[in-house]
Amino acid sequence: MEVALPHLVVSSGFLPTGSLLESLIHVCNEVASMESLPVIQVRNISTVIRRIKLLSSLFEEIHEMNTPLPPSSILCLTELFSVIRRVKGLIQGCKDGSSLWSLVETEIISSQFHVVVKEMGRALDILPLSLLNITADIREQVELLHKQAKRADLFVDPRELQRREELLQVMAINKEKNVKNKALVDFRKVKEILSSIGLRRSLDYDDEISKLETEAMMQAGTGGLIVVSNINNLISLVMYSKSMIFSEHEKTNEAIMKRSASLRMNNDQSSSSQSTIINIPDEFRCPISLDLMRDPVIVASGHTYDRNAIGQWINTGHNTCPKSGMKLIHMALIPNYALKSLVHQWCHENNIQLTESTSSSSSDLGRSNSIRKSCENAIDHISATKTAKDAVKMTAEFLVGKLATGSPEIQRQAAYELRLLAKTGMDNRRIIAEVGAIPFLVTLLSSHDPRIQENAVTALLNLSIFDNNKTLIMAAGAIDNILDVLQSGKTMEARENAAAGIFSLSMIADGKVTIGAHPRAMPALVALLREGTSAGKRDAATALFNLVVHSANKGSAVVAGAVPLLIDLLMDDKAGITDDALGVLVLLLGCPEGLEQIRKSRILVTLLIDLLRFGSPKGKENSITLLLGLCKDGGGEVARRLLLNPRSIPSLQSLVADGSLKARRKADALLRLLNRCCSQSHSTAG
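Quick look at the structure, then.

The rules behind each value
- Sequence order as written defines the numbering, with residues in each chain counted from 1.
- For a predicted model such as this one, the threshold for reporting local features is a pLDDT of at least 70, and the threshold for listing and counting side-chain atom pairs is 80 or more; totals across whole chains, interfaces and linings nevertheless cover every residue.
- Note: side-chain values were computed over all heavy atoms of the structure, leaving out hydrogens and water.
- Here the rule is simple: two strands pair whenever DSSP picks up at least two bridges between them.
- Comment: elements are numbered from the N terminus, with helices defined as DSSP H or I runs of at least four residues and strands as E runs of at least two.
- When checking whether two residues touch, look at their non-hydrogen atoms; a contact exists if any pair is within 4.5 Å.
- To obtain an axis, a line is fitted to C-alpha atoms, over the contacting stretch when the element is a helix, and the angle between two such axes runs from 0 to 180 degrees between their N-to-C directions.
- Accessibility here uses a 1.4 Å probe with only protein chains present; expressed as a share of the type maximum, an area under 20% marks a residue as buried, one over 50% as exposed, and anything in between as partly exposed.
- N or O atoms closer than or at 3.5 Å make up a polar contact, with two conditions inside protein: a donor-capable atom paired with an acceptor-capable one, and, for residues adjacent in sequence, both atoms drawn from side chains.
- Neither His nor the chain ends is counted toward charge; the positive residues are Lys and Arg and the negative residues Asp and Glu.
- One side-chain nitrogen of Lys or Arg within 4 Å of one carboxyl oxygen of Asp or Glu is enough to make a salt bridge.
- Here the word oblique covers every angle except those under 35 degrees (roughly parallel), over 145 (roughly antiparallel) and from 65 to 115 (roughly perpendicular).
- If you view the pair so one helix is near and one far, a crossing is left-handed when the near helix is turned anticlockwise from the far one by less than a right angle, and right-handed when it is turned clockwise.
- For this classification, the nonpolar set comprises Ala, Val, Leu, Ile, Met, Phe, Trp, Tyr, Cys and Pro, the charged set comprises Asp, Glu, Lys and Arg, and every other residue, Gly included, is treated as polar.
- Any Phe, Tyr or Trp ring, taking Trp's six-membered ring, that has another such ring centre within 6.5 Å forms a pair; planes under 30 degrees apart are called stacked, those over 60 apart edge-to-face, and the others tilted.
- Distance and angle both matter: a charge sits over a ring if NZ of Lys or CZ of Arg is within 6 Å of the ring centre and within 35 degrees of the ring normal.

### Points about the sheet that holds strand 3 (residues 334–335)
The antiparallel open sheet is built from three strands, whose spatial order is 2-1-3. For this open sheet the edge positions go to strand 2 (304–306) and strand 3, each flanked by a neighbour on one side alone. One ladder, built from two bridges, connects strand 1 (residues 296–298) with strand 3; its direction is antiparallel. Within strand 3, the position partnered with Val 297 by the bridge is Pro 335. Against the sheet, helix 14 (residues 307–315) makes contact with strand 1, strand 2 and strand 3, and its axis sits at roughly 95° relative to strand 2, the strand it touches most.

As structure tokens, then:
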């Protein structure tokens, strides 16, 4: 089979698939067969499962055909595999996590489902259905699915929003309750809310408390104090509600059931059960788990935690103290014998067992199961990643071959496929460069076919996002060809993407020097700044900004006529590049030619005063920088114009009061400068 593969690639123009389809079918079946779905996010989950079932029919039919596939379809299938795995993780998270916390976070979770549906639609954009040998029914289903995914709106269940509002009101009352006002909590309402999300028995309440405690531990140190506080408030509410809602008869029956079950459980669980009943002193609670510290240890920051809790924190990759946020200079866990002695004494007085042999053996068993599952997941991830990379490499090699030897029509399609392939993922961009695509794409920039030129320049733009490729593109002699496209490309989109390519290549120091020294670079960018669409003008302005960061390029930009055009664009609301234009003007102010050109403008000062009042925070900073620079070093005429404008002083004073730190500092300096100018005028007049 390994010998036949290259023959298929060269002769047929299609790529055979490996285990990708089998992996897709398997993960689709896993999602479709999920049982006991959560009561939160019901519509989002059921909708996405229905869509995945439709895709599963497509994958099974393609697999049964056992025929080679077009290159773009392999990319699409790889993207869909990644999306479906994420869907599986989202649903599993809703199943295994706290129902109450999912209700509180319902908008965030709904947004996550919306994102994966949109990504599903984007992946289907590049699926060439017309080239696939599938039945008409499946084709219609996939086309309908594609349209639905593209226009899918974010859905947040209004009933869940209403339940959340009711829950938050109850939480607020519970947080403020004390001995005198406990009766304020409406336990019938609490029971109704909890019942609506599946919490109906006392055991359900215990399970929810356990899930909330796990969530609190996960959020500690990363979710912020407010998040952890809210989760603790929920734990308190559920525990308090459980004790008030269930009758003594129910509690007695469940206590008997739990006691008989505890005979088969470890001692650690029974002691944890007691710790929820007995009021544990705060100083004996672990700041992470909020449970009794059975084995207190001190970390490098000086804070004390339970060994298991801080061990899990460190093992998940954290290197900071959860409580203080300080970076730990070492990961040693030093036993806190004094506190451990006090904990043991308190446990003895309250008849709480601290036997750890059983619990440790139980936790070891759980840990070994967890490690085994983690290893399986890691192997699965590595396998999936390798399959995806192999598919990309095979696709790229095939397409580069078509660029080199194909007819113009085939070159156009191959360049388009590479453009799409380079659009997603740094690995894709690296692999495409490694198989030798860049020199062929550079050559195609000179093509007379508008679509070939547009696809080639856009593919190079996408490839240049990977930093190593920037050097390779420049080494392939691309600058001249890209500037040709920028100056006189066959389509406006090709010119705009050429400008974006110049911006990307000028991110590195060599790029700024090489491109800036080219005599056609600045005039071509200024021409696009004048003639381009709003997007093209923004691309040109950002490319100019990058280039004039290098001082040697500033004079060239001024000579090319950038200054008056940038000032005109400050008044062009349709262009929408006010902040970009201001940023370039600030940099050009740093060279004598630029300063002279900017001072010649009769409308700039008035525009800048208006921008001090109505501009964005960044726009205000750049406007005050320009005004201050114009008034310094012989800018008396500008200062006088500022003093004559009735809006200037109030605008500066407002900026001193409410602006950013940088804007406040510069506005204050300009006010002092204007004050000196005013004083000198009075003394001269006297």
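### Details of the environment of Pro 519
Relative to the helices and strands, Pro 519 is located in the loop between helix 24 (509–517) and helix 25 (521–531). Judged by relative accessible area, which is 66%, Pro 519 ranks as exposed. Sequence spacing of Pro 519 and Ala 560 is 41 residues, and the spatial spacing of their C-alpha atoms is 9.8 Å.

### Section: the environment of Arg 285
Relative to the helices and strands, Arg 285 is located in the loop between helix 13 (267–277) and strand 1. Residue Arg 285 is classed as partly exposed on the basis of its relative accessible area, which comes to 27%. Between the C-alpha atom of Arg 285 and that of Tyr 305, which follows or precedes it by 20 residues, the distance is 8.2 Å. At 2.7 Å, the side chain of Arg 285 and the backbone oxygen of Leu 290 are in polar contact.

### Concerning helix 22 (residues 478–488)
Residues of helix 22 that are buried include every one of Ala 478, Ile 479, Asn 481, Ile 482, Leu 483, Val 485 and Leu 486, and no others. Along its buried surface, helix 22 packs onto helix 19 (437–444), helix 20 (450–464), helix 21 (467–475), helix 23 (492–505), helix 24 and helix 25.

### What to know about the side chain of Glu 160
Here Glu 160 is to be found in helix 8 (residues 158–176). For the buried Glu 160, no salt bridge is present, and the opposite-charge side chain at shortest range is Arg 163, 5.1 Å distant.

### As for the packing of helix 4 (residues 71–96) against helix 6 (residues 106–125)
Where helix 4 contacts helix 6, the two axes come as close as 9 Å, and the packing angle between them is 165°. Between helix 4 and helix 6, the angle is such that the two are roughly antiparallel. In the packing of helix 4 onto helix 6, the handedness of the crossing is left-handed. On the side of helix 4, the interface is formed by Cys 76, Glu 79, Leu 80, Val 83, Arg 86, Val 87, Leu 90, Ile 91 and Cys 94, while helix 6 contributes Ile 109, Gln 112, Phe 113, Val 115, Val 116, Glu 119, Met 120, Ala 123 and Leu 124. Looking at the contact of helix 4 with helix 6 residue by residue, the class counts come to 14 nonpolar, one polar and three charged.

### With respect to the side chain of Arg 51
Note on placement: Arg 51 falls in helix 3 (residues 42–65). Residue contacts for Arg 51: discarding those within four places in its chain leaves Val 117, Met 120, Leu 145, Gln 148 and Ala 152.

### Things to note about the packing of aromatic side chains
Following the criterion strictly, the structure yields one aromatic pair and no others. When the centroid spacing of 6.0 Å and the interplanar angle of 70° are considered together, the rings of Phe 284 and Trp 346 count as edge-to-face. Here Phe 284, found in the loop between helix 13 and strand 1, pairs with Trp 346, found in helix 15 (residues 337–349); they are 62 residues apart in sequence, far enough to count as distant. In this pair, the class of Phe 284 matches that of Trp 346, namely buried. If you follow Arg 43 out to its NZ or CZ, it ends over the ring of Phe 155, 3.9 Å from the centre.

### Thoughts on the packing of helix 3 against helix 7 (residues 136–150)
Closest axis-to-axis distance for the helix 3/helix 7 pair is 10 Å, and the angle between their directions is 140°. One finds that helix 3 runs oblique with respect to helix 7. The handedness of the crossing between helix 3 and helix 7 comes out as left-handed. Here Arg 50, Arg 51, Leu 54, Leu 55, Ser 57, Leu 58 and Glu 61 of helix 3 lie close against helix 7, whose contacting residues are Ile 138, Gln 141, Val 142, Leu 145 and Gln 148. A class-by-class count of the residues in the contact of helix 3 with helix 7 yields six nonpolar, three polar and three charged.

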